[in-house]
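The lines below spell out each chain.
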Amino acid sequence: MQKLKTNFAGVIMRNPLILASATTGWDGERCHQAWLNEVGAVVPKSFAPPDKFAQHPRCGRMKIIRHGKNRIGMVNIELYTTMTLEDWLKTDLEKAYQGGNCIIASIVAHPNPEDTGINARKVQDSGRVAMFEINVSCPMPADQSRVGFQMGNDPETCYRQVKAVKGGVSLPVGIKLTPTTHNMVPMAQAAESAGADFLTIGNSIRSFAGVDIATGLPKLPAYGGYSGPAIKPITQRHVAEVAKAVKVPISACGGVTTWEDVIEYIMLGATTVQICTSIMWQGYGHFKTILKGLEEYLEREKLESLDAIRGKTLPYITTIEEASQRPALVSQVAPERCTNLKKGGCEVCGKVCFYGAIEFSPRLRLKPEHCDGCNLCVEICPVGALRLAAPER
Ligand SMILES: Cc1cc2nc3c(=O)[nH]c(=O)nc-3n(C[C@H](O)[C@H](O)[C@H](O)COP(=O)(O)O)c2cc1C
């Protein structure tokens, strides 16, 4: 669809959806499959890791995290590509490129930035890629070599990596930053000042997969990366903070499952959106489902492109101090919706009110003088009968 066409750091993509670097792009054939399923661009599995990180565990790498029956996220202990750069250059980039695929080459940042630049140059010489993404954010490597997320926590390192790659190639260069940090802004600004053409925010979050209580053993043997729906609020915080602090375009990556998630990230300032876990769970065809949702949204909203909504939310994100000064609201009930008022029984809201503002005597009675405006009853009500509003006088 023409309206979804996206200019990302000078590269024209048919839509803003990108296959994030992961298992789903582990070889050329898989990258091609994603392209056939209408993705806008593909990031193959990160190229050219230092030797000791060129092999990943093959005794189980993924653990889905569930809440009840629902999948909320996934912890993985997968490293980078296990193919050599030579194999990618000889065969698999060509396979990935079939049909004119728009390929973003993910390059693992080496401790010496010159090495990162040399690898990027070799990939550019293949003539098969459109741009570069420097990976300083893998959450697994945690030793003295500082490969991975430790690099992505140091502004000076981010600056030097971008400078080195920019010095070696002519195509646009971005850097994939880590959400395993309390503040991504200094790294984003350092990358921007080194000439980065875009930022990818972010990667999976360093985490632990859990304990098998029958054996006492860890569910995965090493610390890994947390991804999927559960990390969206964390990635969104980083995207919003960075979008307010830099001018370079942003590719948001964290927990996207639906077209609505894409719209949220665009409203937070992103230009493109990368997806990994939901494709791992649902297959490449899921791109088409998300694209259909986006197309219908544009039609419904009578928008010519996503430009009209980019960054729309940012001016409304304030400080906690300012929000604390706003007039207090209290919980109010719509009697025609409330199950308790109509037929009794439901007392879900009362259990979560820790201020004594909800009573059952025997039917629901709100006590606005006790309400602290926390909104939990509104969130928990199964029928949407409660809302926060200005107190009635
Ligand atoms: C199994 C697995 C392997 C991954 N491998 C890479 C990788 O090689 N390079 C990289 O930059 N990110 C890698 N990632 C991170 C994803 O690209 C993505 O940033 C992260 O999963 C968050 O997006 P999501 O919530 O849509 O999964 C991997 C993620 C998973 C789950």
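Residues numbered from 1 in each chain as written. Predicted model: local features only at pLDDT ≥ 70, side-chain atom pairs only at ≥ 80, totals over all residues. Heavy atoms only, no water.

Caption draft 1: Examining the overall build of the protein more closely. A count of helices and strands for the protein gives 13 helices and 20 strands. Over its C-alpha trace the protein gives a radius of gyration of 24 Å, about what one expects of a compact globule, namely 21 Å for 393 residues. Judged by the C-alpha coordinates and their principal axes, the protein covers about 75 × 55 × 40 Å. Counting only residues that meet the buried cut, the protein has 52% of its 393 residues in that class. Nonlocal contacts in the protein, meaning residues at least 24 apart in sequence, comprise 69% of its contacts between residues at least 6 apart. (Helix = DSSP H or I, 4+ residues; strand = E, 2+ residues; numbered from the N terminus. Rg over C-alpha atoms; globule rule 2.2 N^0.38 Å. Buried < 20%, exposed > 50% of the residue type's maximum accessible area, 1.4 Å probe, protein only. Contact = heavy atoms within 4.5 Å.)

Caption draft 2: Region of the structure containing the sheet that holds strand 14 (residues 224-227). One open sheet accounts for four strands, arranged 5-6-14-11; its pairing is antiparallel. Where the open sheet ends on each side, the last strands, each with one partner, are strand 5 (62-67) and strand 11 (205-207). In this sheet, adjacent strand axes meet at a mean angle of 40° when their direction is disregarded. Pairing geometry for strand 5 and strand 6 (residues 70-76), over six bridges, is antiparallel. Along strand 6, the bridge assignment pairs R66 with R71. (Pairing = 2+ DSSP bridges. Axes fitted to C-alpha atoms, helices over the stretch in contact; angles between N-to-C directions.)

Caption draft 3: Representation of the site of the ligand. Of all residues adjacent to the ligand, which total 26 residues, the nearest are S21, K45, S46, G255 and T277. Measuring from an oxygen atom of the ligand, one finds a backbone N or O atom of G202 at 3.3 Å. When contributions to the shell around the ligand are tallied by element, the ones reaching two or more residues are strand 6 and helix 8 (277-282). The residue inventory of the shell around the ligand, partitioned by class, reads ten nonpolar, 13 polar and three charged. (Near = heavy atom within 4 Å. Polar contact = N/O pair within 3.5 Å; in protein donor to acceptor, adjacent residues only side chain to side chain. Nonpolar A, V, L, I, M, F, W, Y, C, P; charged D, E, K, R; others polar.)

Caption draft 4: The arrangement of the packing of aromatic side chains in detail. A full pass over the atoms with the stated rule returns four aromatic pairs. Geometry around W35 places R14 over its ring, the cationic atom sitting 3.5 Å from the centre. (Phe/Tyr/Trp six-rings, centres within 6.5 Å; stacked < 30°, edge-to-face > 60°. Lys NZ or Arg CZ within 6 Å of the ring centre and 35° of its normal.)

Caption draft 5: Spatial organisation of the environment of K52. Mapped onto the elements, K52 comes out in the loop between strand 4 (41-42) and strand 5. Its relative accessible area of 54% is what places K52 among the exposed residues. Counting along the chain gives 89 residues from K52 to P141, while the straight-line C-alpha distance between them is 9.8 Å. A polar atom in the side chain of K52 sits 2.3 Å from the side chain of D143.

Caption draft 6: The sheet that holds strand 15 (residues 250-253), seen in detail. Ordered in space as 4-3-16-15-10-9-8-7, the eight strands form an open sheet in which the pairing is parallel. This sheet does not close on itself; its edge strands, each paired only once, are strand 4 and strand 7 (104-108). By the bridge criterion, five bridges tie strand 7 to strand 8 (residues 131-135) in an arrangement that is parallel. Its bridge partner lying in strand 8, S106 is registered against E133. Where helix 9 (residues 286-300) meets the sheet, it contacts strand 3 (17-19) and strand 16 (272-275), and its direction lies at approximately 165° from that of strand 3.

Caption draft 7: Spotlight on the pairing of strand 14. As defined by bridge partners, strand 6 adjoins strand 14 across three bridges and the pair is classed as antiparallel. By the bridge assignment, V75 is partnered in strand 14 with Y226. As paired elements, strand 11 and strand 14 share three bridges and run antiparallel to each other. Bridged to S207 within strand 14 is G224.

Caption draft 8: How the structure looks around a nonpolar patch on the surface. A contiguous nonpolar surface patch, about 470 Å² in accessible area, is contributed by V348, F354, Y355, L376 and I380. With respect to the helices, strands and loops of the structure, L376 is situated in helix 13 (residues 376-380). (Patch = residues over 30% accessible without salt bridge, like charges linked within 9 Å, V, L, I, M, F, W, Y side chains within 5 Å. Areas by Shrake-Rupley, 256 points an atom, 1.4 Å probe, with all protein chains shown as cover. Salt bridge = Lys/Arg side-chain N within 4 Å of Asp/Glu carboxyl O.)

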